[in-house]
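# Chains, contacts and geometry: an overview
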Amino acid sequence: MIEILNPTELARARETGALVGGFLRTLRDRATPGTNLLDIDRWTRDLIADAGAQSCYVDYAPSFGRGPFGHYICTAVNDAVLHGMPHDYTLADGDLLTLDLAVSLDGIAADSAISFVVGEPGPEAQESRALIEATERALAAGIAAAGPGARIGDLSHAIGTVLGAAGYPINTEFGGHGIGSTMHQDPHVSNTGRPGRGYRLRPGLLLALEPWVMTDTDELVVDADGWTLRSATGCRTAHSEHTIAITDDGAEILTLPR
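Only a predicted model underlies this, so the values are computations on that prediction, with no experimental measurement involved. Sequence order as written defines residue numbering, which begins from 1 separately in each chain. Only residues with pLDDT of at least 70 are given local features in this predicted model, and only at 80 or more are side-chain atom pairs given and counted; all residues enter the totals for whole chains, interfaces and linings. In computing side-chain values, all of the structure's heavy atoms are included and hydrogens and water are not.

### Notes on the pairing of strand β5 (residues 108–117)
Each regular strand displays side chains that alternate between the two surfaces of the sheet. Here β5 lies mainly inside the structure; eight of its ten residues are buried. What makes two strands pair is DSSP finding at least two bridges between them. Segments assigned H or I by DSSP are reported as helices when at least four residues long, segments assigned E as strands when at least two residues long, and all are numbered from the N terminus. Looking at chain direction, strand β4 (residues 96–105) and β5 are connected through ten bridges and run antiparallel. Counterpart to L105 in the pairing with β5 is I108. Counted along the chain from β4 to the antiparallel partner β5, the turn is two residues long, and its residue D106 has a positive phi close to 50°. Each residue gets one of three labels from its accessible area relative to the maximum for its type: buried under 20%, exposed over 50%, partly exposed in between, using a 1.4 Å probe on protein chains only.

Below is the structure:
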């Protein structure tokens, strides 16, 4: 399903996006050495409830996961990159943490992810910064390529060009996606692709663009929890994501905090 939002729905999407962006900023500020991942999950639950919003994750049970996710946020540390299930782990200086959050408010969802180093940088600081910055640059390139009349392949090509130039292998199993009244919709947005191919973008379309990389592999392994995806070699990973709206003038980033 591909949804095209009307102006009233787009206004609601802006509210949801700002909420998600603000939540992630708050959680990043709170995530310090000594913080447990389960604390972050509880904080997220409370933020969502206080805002009168709904979690997109708690009851989510797609084919690639094992049953309902059961938590409010994805927390991926170091070699974990996607769908990180919160568990009893205490953050330490130098950990590379990714927070991925999707929330629905008034019937419209928004999805965003940030990666950052917790506390004081450790011996892998340079590698971590390079990974994070590559995903952020790729995300910016994908957004810059988006606009009415562009095709999905144009966005994928822009993202993949940045990631490839940085020297990282690119996995195509998971990528960006349409979003609207539900979290995951068509079209799929691969993190590499050929320009001029795929669905033509229209004003009112929402997309969640999410470049992610692993230092030295494109292969994933699944944790025993049935959800958390890690690099097959144990290398570090990073992930950046924004929800954008296609407008008459280009692309509007919705998941920036106000």
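### Some details on the packing of aromatic side chains
Two aromatic rings, taken as a pair, are described by how far apart their centres are and by the angle between their planes. A pair of aromatic rings is counted whenever rings of Phe, Tyr or Trp (Trp by its six-membered ring) have centres within 6.5 Å, and the orientation is called stacked for planes under 30 degrees apart, edge-to-face for over 60 and tilted otherwise. Summed over the entire model, instances satisfying the criterion amount to five aromatic pairs. Plain terms: the ring middles of Y60 and F64 are 6.4 Å apart, the flat faces sit at 65° to each other, and that makes the pair edge-to-face. Y60 gets classed as partly exposed once you look at its relative accessible area, which sits at 23%. Taken together, the ring pairs in this structure connect Y57, Y60, F64, F69, F174 and W227 into an aromatic cluster. The positively charged end of R30 is found above the aromatic ring belonging to W43, 5.5 Å away from the centroid. Whether a charge sits over a ring depends on NZ of Lys or CZ of Arg being within 6 Å of the ring centre and within 35 degrees of the ring normal.

### Topic: the packing of helix α3 (residues 125–145) against helix α4 (residues 152–165)
Axis separation between α3 and α4 bottoms out at 8 Å; the angle between their running directions is 155°. Considering their axes alone, α3 and α4 lie roughly antiparallel with respect to each other. Crossing geometry of α3 relative to α4 is assigned as right-handed. When α3 is examined against α4, the residues A134, T135, R137, A138, A141, G142 and A145 are found in contact with a partner set consisting of D154, L155, A158, I159, V162 and L163. Per-class residue counts for the contact of α3 with α4 are nine nonpolar, two polar and two charged. For helices, the fitted axis covers only the stretch in contact; all axes are lines through C-alpha atoms, and the angles between them, taken along N-to-C directions, range from 0 to 180 degrees. Our angle categories are set so that under 35 degrees counts as roughly parallel, over 145 as roughly antiparallel, 65 to 115 as roughly perpendicular, and the remainder as oblique. It is the rotation of the near helix from the far one that decides the hand of a crossing: anticlockwise by less than a right angle makes it left-handed, clockwise makes it right-handed. In what follows, residue pairs with any heavy atoms lying within 4.5 Å of each other are defined as contacts. Only Asp, Glu, Lys and Arg are considered charged in this grouping, and only Ala, Val, Leu, Ile, Met, Phe, Trp, Tyr, Cys and Pro are considered nonpolar; every other residue, Gly among them, is considered polar.

Shape descriptors only; they carry no functional weight alone.
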